[in-house]
Structure formats: C-alpha cells, structure tokens
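Commentary on secondary and tertiary structure
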Amino acid sequence: RKEVEQDPGPFNVPEGATVAFNCTYSNSASQSFFWYRQDCRKEPKLLMSVYSSGNEDGRFTAQLNRASQYISLLIRDSKLSDSATYLCVVARTGNQFYFGTGTSLTVIP
Amino acid sequence: EAEVAQSPRYKITEKSQAVAFWCDPISGHATLYWYRQILGQGPELLVQFQDESVVDDSQLPKDRFSAERLKGVDSTLKIQPAELGDSAMYLCASSLLGGVNEQFFGPGTRLTVL
C-alpha cells in the first residue's frame, strides 16, 4: 500500500469556484503534514503546513483528521494562477517526507 | 531569499554514459535530500544526508547510482551507466535540522536518456 494516496484528477474548474482535494496516508506514526504546490516543470514549493486544529491561509484551508488518516485542502474563489499540481506530503521522524502523486488543477477563465 | 542551487538544469545523454548532478543547499541546512520525480508522479527519495553522513539510501539503486556530500555542504549525485528508465527530474532539497521541518527544493535537473 502506498504511503500517501491522492486523487490525481485532473480537476478543471471555472474561476471563482471552490475545489477540494483529499489525501489519505497509511502510517499512523506520521507526524507532520504539508501541502506543496508544483507548477509545470518547476520544483515543489510549500503551500501550507496542516495542523490538527485545521488552518487557513487566505483562500486556502487545510484540515487533518488523524483518526481517519485523512488530509484535505480547500481552495475558495479559484484564480487562474491557482492552476498547478498540489502534492500531499506526510513526514515522519528523521524528516522523511512521503509525497502523493499530486492532484492536477486547471482553473478555466 | 536563500535558495537551493542545482546544476545543470538540463542534461541529455545516451544510455551507458555517466552523468553527474550537483546541488548546493541553503547555507546552514544540515539535511540534504536527492529525489527523483517521474512525470505524473510525486518525488521519491533516493538519498538523505545529515551533514556528511548518509541517513537513508534504501531506495538508491546502488549498482549504478552514487551520492556524496564530502564536506557536509554541497553534494553530487552520479549515475553510471545511465539507462533509458533514468529519464526524470532529479530534485535536491534541504532542511535546517532533523525533526519534521519544511524542505526547500532546488529547480531540479531534467535528465533525458536517449
């Protein structure tokens, strides 16, 4: 079983739409959780960390459910510039990162 | 803003040739990672260094891949001989210390093996 599983999409949504991505992880010893954004042919960049209490950064909201081993990312009021691949990342002791395959988002004018 | 540097950005080689990639992490970052990312997939760890020591190289194909970080600063990843299946993006990342901290990625080296 993969460490991290994501729906690869693609998600094609109109500008202004709300879109949600989900991710599950297999190892309950996982300690930290992140969403990274990766533009086409570029390197991944941290979008936001994910905390148990849930956290929000502008139009982006991340949620973590440790009991279900489930992570989500909600993007409100989608912009054209949000088009990218969103990588779910789970980390364990020793800073070992495990990446999902990524979910592709295209925001359409 | 400090960045992770990688070179070359692009490399085209023929199978059976040797290739080498270089990475210079953010100054002061003790932990350095090499990842391989195949198109349509997430990055997969090849090797992790803490200073000059290898922490994890369990996924490194050691028959053809080698990595070093001799002085605990910059690092080199080598493939010899390259195979068609090695075509991918090779990403270097660094983080400040152990624990579970954000990793900062370099721009990557895109390798094409013909």
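Presented here is an overview of the structure given in this document. (Residues numbered from 1 in each chain as written. Chains lettered and ligands numbered in written order. Predicted model: local features only at pLDDT ≥ 70, side-chain atom pairs only at ≥ 80, totals over all residues. Heavy atoms only, no water.)

A closer look at the interface of chain A and chain B
At the junction of the two partners, chain A supplies 20 residues and chain B supplies 22 residues. Of the roughly 1,600 Å² buried between chain A and chain B on both sides combined, carbon and sulfur atoms contribute 50%. When the buried surface of chain A facing chain B is broken down by residue, Arg 41, Asn 95 and Phe 99 of chain A rank first, second and third, together holding 34% of it. Counting the contacts that link chain A with chain B gives 0 salt bridges. At the boundary of chain A and chain B, one finds 3 residue pairs in polar contact (both at pLDDT 80 or more). Elements that contribute at least two residues to the side of chain A that touches chain B include exactly β4 (32-38), β5 (44-50), β9 (84-92) and β10 (96-99) of chain A. Among the elements that line the side of chain A that touches chain B, the one with the most residues is β4 of chain A, at 4 residues. Split by residue class, the side of chain A that touches chain B holds 8 nonpolar, 9 polar and 3 charged. (Contact = heavy atoms within 4.5 Å. Buried area = accessible area lost by both parts, 1.4 Å probe. Salt bridge = Lys/Arg side-chain N within 4 Å of Asp/Glu carboxyl O. Polar contact = N/O pair within 3.5 Å; in protein donor to acceptor, adjacent residues only side chain to side chain. Helix = DSSP H or I, 4+ residues; strand = E, 2+ residues; numbered from the N terminus. Nonpolar A, V, L, I, M, F, W, Y, C, P; charged D, E, K, R; others polar.)

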